[in-house]
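# Coordinate inspection notes
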Amino acid sequence: MKKMAIISPGYLPLPAIKGGAVETLIDLLINSKKVTEKFDIDVYSKYDSKINEESKNKDVNYLYINTDSKFNKVFKAFRYLINKYGNRYIGNDFINELIKKYGKNLNEYDYVIIENKPEYGLILRPYIKGKLIFHSHNDFLNEKTKYANRIVKCFDKIFCLSKYICSRIEKIDPKSKEKVKLLYNGVDTEKFSGDNNKDIIDLRKKFNIKENDVVFLYTGRLVKEKGVLELINTFNKVTNKNYYLLIVGSVGYGKNFKNKFTKKIHDISKSNRNIIFTGFVQGKELEELYSNAYIYCLPSDLEGMPLSLLEAMSYGNCCLTSDIDECADVLEDKGVTFKKSNIKDLSSKLQKLCDDEKLVKKYKDESKEYILNKYNWNDVVKETLKLYKGE
């Protein structure tokens, strides 16, 4: 059996107990029997004390990296400055601790997959005899990336979640086109199909939302590039008292602390009791929120290939997103887009959907079947295995 190492970004733990789009996708992949039957898999993850044995996949070996040493805390700023302004990449606390603890074992793998951290290739390449693969979830590797050419040359293959990300990497070095491959995200048809609603908590009661009230939903991190501020400013102009906007998420996945940006969006929402911040939510509560949504909103300025959009559509939601390629390519004609960062156009499109129940129903009726057919996780697994083999 071939040996595979999956190197996580190192920000959040695996299993994905604290969420994270990249971590969730890694979980989906390693929980597929089709994958674990063909590969002996080691997953390199950030250590977290909340991880328990019950959450782990017994068919996978988890190797944890603890980055909480005093040395790492002291030198974190130093590394950042060298990496940004110096003439070489010296790694971060996660990848350096990984090398220190497990570096001598890395040459044993047939495949090493680096998830969404292209610069790790510069550190890991000398340790690896097998194929080194970069799995790009976001636009982190492009012509403006420091050491872009060197990074591309490190990898034997590069998998990208969208055509846009592929095109950005291909521009770095036209010769790299043969190694750059499109590999879409997928949605778990068993978990996110809108059919698992038995025994799920009724969150409408929790947030005092009546049965006939209309729920607009946003899920994701509360950061500027996600367009949350624009969405809230738009919703503050809505006069219908039966309309509620649920903001699901936090600054970082699993972290409900506040910073200047979250304080700002909370402050502008204070006077509107119909805007509700739920904090970080996952599992059955998140499923119930998708099930209760009338319109799902994703106003992002920047995305990779939004897993939350796939999930929302798999629940038969009418979706309103910004017109960035990463969202528009997923929606096609099964939802509505507005001009990125344009509050006037966002307001206009939102009002159009509020005024036209038949149009909303049309998108709801079409989205689920479309997304489960085009972005079925089982198909993604098959395509992933083909790409690993070079087919």
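Now for a description of the structure that goes with this document. It should be emphasised that the depicted structure is a prediction, and the values quoted were computed from it without experimental measurement.

Inspection of every chain in the model, using the stated rule, returns 18 aromatic pairs. Residues Tyr-44 and Tyr-102 carry aromatic rings whose centres are separated by 5.4 Å and whose planes lie at 75 degrees to one another, so their mutual orientation is edge-to-face. Remark: Tyr-102 occurs in helix H4 (residues 93-102) and Tyr-44 occurs in strand S2 (residues 39-46); sequence separation between them is 58 residues. The two residues Tyr-44 and Tyr-102 agree in class, both being buried.

Below, the discussion takes up unusual backbone geometry. Negative phi is the rule for most residues except glycine; trans is the rule for most peptide bonds. In the segment running from Leu-14 into Pro-15, the intervening peptide bond is cis, with an omega of 0 degrees. Positive phi values are uncommon outside glycine, yet Ser-341 reaches one of about 65 degrees. Here Ser-341 shows up in the loop between strand S13 (336-338) and helix H14 (343-355). For Ser-341, a relative accessible area of 40% puts it in the partly exposed group.

To continue, consider H14. The end-to-end C-alpha distance of H14 is 18 Å, a good match for the 18 Å that 13 residues give at a rise of 1.5 Å each. Listed in full, the buried residues belonging to H14 are Asp-345, Leu-346, Leu-350, Leu-353 and Cys-354. The opening residue of H14 is Asn-342, an N-cap whose side-chain oxygen sits 3.1 Å from the backbone nitrogen of Lys-344.

This next bit is on the pairing of strand S8 (residues 214-219). Regular strands place side chains that alternate from one sheet face to the opposite one. Counting buried positions along S8 yields six of six residues, so the element is predominantly enclosed. What you see with S8 is no split at all: Val-214, Phe-216 and Tyr-218 on one side and Val-215, Leu-217 and Thr-219 on the other are buried throughout. The β-α-β motif built from S8, the intervening helix H9 (residues 228-235) and the parallel element strand S9 (residues 243-248) has right-handed crossover chirality. Pairing between S8 and strand S11 (residues 295-298): two bridges, direction parallel. Opposite Leu-217, over in S11, you have Tyr-296 as the bridge partner.

Calculation criteria
- Residues numbered from 1 in each chain as written.
- Predicted model: local features only at pLDDT ≥ 70, side-chain atom pairs only at ≥ 80, totals over all residues.
- Heavy atoms only, no water.
- Phe/Tyr/Trp six-rings, centres within 6.5 Å; stacked < 30°, edge-to-face > 60°.
- Helix = DSSP H or I, 4+ residues; strand = E, 2+ residues; numbered from the N terminus.
- Buried < 20%, exposed > 50% of the residue type's maximum accessible area, 1.4 Å probe, protein only.
- Expected span 1.5 Å × (residues − 1).
- Polar contact = N/O pair within 3.5 Å; in protein donor to acceptor, adjacent residues only side chain to side chain.
- Right-handed = clockwise from strand over helix to strand, strands pointing away.
- Pairing = 2+ DSSP bridges.

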